[in-house]
Amino acid sequence: MIDVLTGRPIRLEGLAEEVPYFVVALEQKDEIARLFREEGVDFEVKEAPVSFDGRPPEAVFRLTGSQAPKTVQAVLDSRP
């Protein structure tokens, strides 16, 4: 899946020592949440509905289940 702000693929971060997460524009939150529900990915999402430093509002997704990060990344990569 492509990040609407950067035009680049969405990538999980924090794979080594943290809970895997990624940040996207708030406008992508519902689409990604729907995809994760369809694919059985356990997650939590937090919104920052206010703009910081002129950036658009953001949503932070964190994985909460036992799914391997590579599996979740493949789910994200499966959508344009």
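Further up the page is the structure itself.
Counting starts from 1 at the beginning of each chain's written sequence and moves along it residue by residue. Side-chain atom pairs in this predicted model are given and counted only at pLDDT of 80 or more, local residue features only at pLDDT of at least 70, and totals for whole chains, interfaces and linings cover all residues. Each side-chain value is derived from all of the structure's non-hydrogen atoms; neither hydrogens nor water enter the calculation.

Visitor: What should I look at first to understand helix α2 (residues 69-77) in this one?
Guide: For the α-helix, the turn length of 3.6 residues means that residues three or four positions removed from each other point alike. For the exposure calls, accessible area comes from a 1.4 Å probe over protein chains only, and a residue counts as buried if that area is under 20% of its type's maximum, exposed if over 50%, partly exposed in between. Each helix is a run of H or I in the DSSP string that is no shorter than four residues. Each strand is a run of E no shorter than two, and both are numbered from the N terminus. Regarding α2, the residues found buried are V72, Q73, V75 and L76. The buried residues of α2 occupy one face: seen down the axis, they fall within an arc of 155°. In what follows, a contact means two residues having at least one pair of non-hydrogen atoms within 4.5 Å. Lining the buried residues of α2 we find β1 (21-25), α1 (29-39) and β3 (58-63). Taking the helix axis as origin, the arc is that swept by the directions to the C-beta atoms.

Visitor: Can you help me understand the pattern of salt bridges in this one?
Guide: Two side chains with opposite charge may pair up if their charged atoms get near one another. For this document, the term salt bridge refers to a Lys or Arg side-chain nitrogen within 4 Å of an Asp or Glu carboxyl oxygen. A complete count under the given rule lists four salt bridges for this structure. Across the pair D77 and R11 runs a salt bridge, and its minimum N-O distance is 2.7 Å. With D77 in helix α2 and R11 in the segment before β1, this residue pair connects regions lying 66 residues apart in the sequence. Of the charged contacts in the structure, one is a salt bridge between D30 and K29, with a shortest N-O distance of 3.6 Å.

Visitor: Any chance you could explain the environment of L63 here in plain terms?
Guide: When you line up the elements, L63 lands in strand β3. On the basis of relative accessible area, L63 is assigned to the buried category, the value being 8%. In sequence terms L63 and L12 are 51 residues apart; their C-alpha atoms lie 9.4 Å from each other. Excluding residues that lie within four positions of it along the chain, L63 makes contacts with L12, V19, P20, V41, D42, F43, P69 and V72.

Just distances and angles here, no functional claims.
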